[in-house]
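# An overview of the molecular structure
Given next are the chains, with one letter for each unit.
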Amino acid sequence: MFQLNNVVKQYSRRGEVVTAFHCADLTIEKSDYVAMVGPSGSGKTTLLSMLGGMLSPTTGSIRLDSTSIYDLSAAARSQLRSQRMGFVFQTFNLIPYLTALQNVQVPLCLLGRTQVEQEAQAVRMLDRFGLGERLHHRPAELSVGQQQRVALARTLVNDPQIVLADEPTGNLDPESREVVLGAFDEAYREGRTIIMVTHDPVAANRASRTLLLQNGELKDTSMMGESCPPHLNRAA
């Protein structure tokens, strides 16, 4: 799935070069459920953005399967994201003047689906998250937890192979947090790859693998050979 080799990301700050992230080697396999943890400023969001094709490394290569992501044009990376990736953000990034239904339709519109297909798929997904009676509400008319559910429905509506999540439970009440994490569990059992940045220990403990970032250094803290957490069991 993802392969990082000698990846470094640097910024210039007040005339000095600051290394935000560096990693000699990292592989994230297909169908991994990874939690990236660490203090603020440790490079977690930088790594997530690089994996999502949104932030090029200063040096090194990032491959998705056989494709070197940053050898692609910006347009090709955008197409790659729309076809294979879904994103969940702490700030939701909902379009304020669109209804819940219309927000969820956006990825399908970008993929060229018909209006009938868009509406049918969006309705099914919103029903799945208990928002069947909120289809025509705009974000300002929804609670914080409901907004995150709309954002999650939008992420999953085009059936992405990879889900990249940045603090997806950061602002949520316990009930809404469980809805989000339950959706991630189900997506993992269905064979999707989940990569989640989080400060939330409850969320981190739901993953099957943990990456610790400190001062831009990455360490895999998962136990080799550890069995899959019971709630993630893919057995029928």
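This write-up is about the structure you can find in this document.

What counts, and where the lines are drawn
Residues numbered from 1 in each chain as written. Predicted model: local features only at pLDDT ≥ 70, side-chain atom pairs only at ≥ 80, totals over all residues. Heavy atoms only, no water. Pairing = 2+ DSSP bridges. Helix = DSSP H or I, 4+ residues; strand = E, 2+ residues; numbered from the N terminus. Buried < 20%, exposed > 50% of the residue type's maximum accessible area, 1.4 Å probe, protein only. Axes fitted to C-alpha atoms, helices over the stretch in contact; angles between N-to-C directions. Parallel < 35°, antiparallel > 145°, perpendicular 65-115°, else oblique. Left-handed = near helix turned anticlockwise from the far one by under 90°. Contact = heavy atoms within 4.5 Å.

## Comments concerning the pairing of strand S10 (residues 217-220)
Of the strand pairs in this sheet, strand S9 (residues 209-214) and S10 are connected by four bridges, and their pairing is antiparallel. When the sheet's bridge partners are listed, Leu211 is paired in S10 with Asp220. Linking S9 back to S10 in an antiparallel pair, the connection comprises two residues, with Asn215 at a positive phi of about 55°.

## Examining the environment of Asp71
Along the chain, Asp71 falls in the loop between strand S5 (67-68) and helix H2 (74-84). On the accessibility criterion, Asp71 (66% relative accessible area) is exposed. Considered as a pair, Asp71 and Met54 are 17 residues apart in the sequence and their alpha carbons are 13 Å apart.

## A word on the pairing of strand S6 (residues 85-89)
Most of S6 is tucked away, with four of its five residues classed as buried. With five bridges joining them, S6 and strand S7 (residues 162-166) adopt parallel strand pairing. Its bridge partner being in S7, Met85 is matched across the sheet by Ile162.

## A word on the packing of helix H4 (residues 115-128) against helix H5 (residues 144-156)
Close contact between H4 and H5 brings their axes to 9 Å; oriented N to C, the two are set at 135°. By the angle class used here, H4 and H5 are oblique. The crossing of H4 and H5 is right-handed. In this structure, H4 contributes Met125, Leu126 and Arg128 to the contact, and H5 contributes Val150, Ala153 and Leu156.

## Looking at the environment of Ile162
Summarising the element assignment, Ile162 is placed in strand S7. The class for Ile162 is buried, based on a relative accessible area of 0%. When the C-alpha atoms of Ile162 and Phe2 are compared, they prove to be 10 Å apart, with 160 residues separating the residues in sequence. Apart from residues lying up to four places away in sequence, Ile162 is in contact with Met1, Phe2, Leu64, Arg84, Met85, Gly86 and Thr193.

## Let's talk about helix H1 (residues 44-51)
Of all eight residues that make up H1, seven are buried, and the element is covered over most of its length. Of the residues making up H1, those classed as buried are Lys44, Thr46, Leu47, Leu48, Ser49, Met50 and Leu51. Two residues or fewer after H1 comes Gly53, characterised by a positive phi angle close to 75°.

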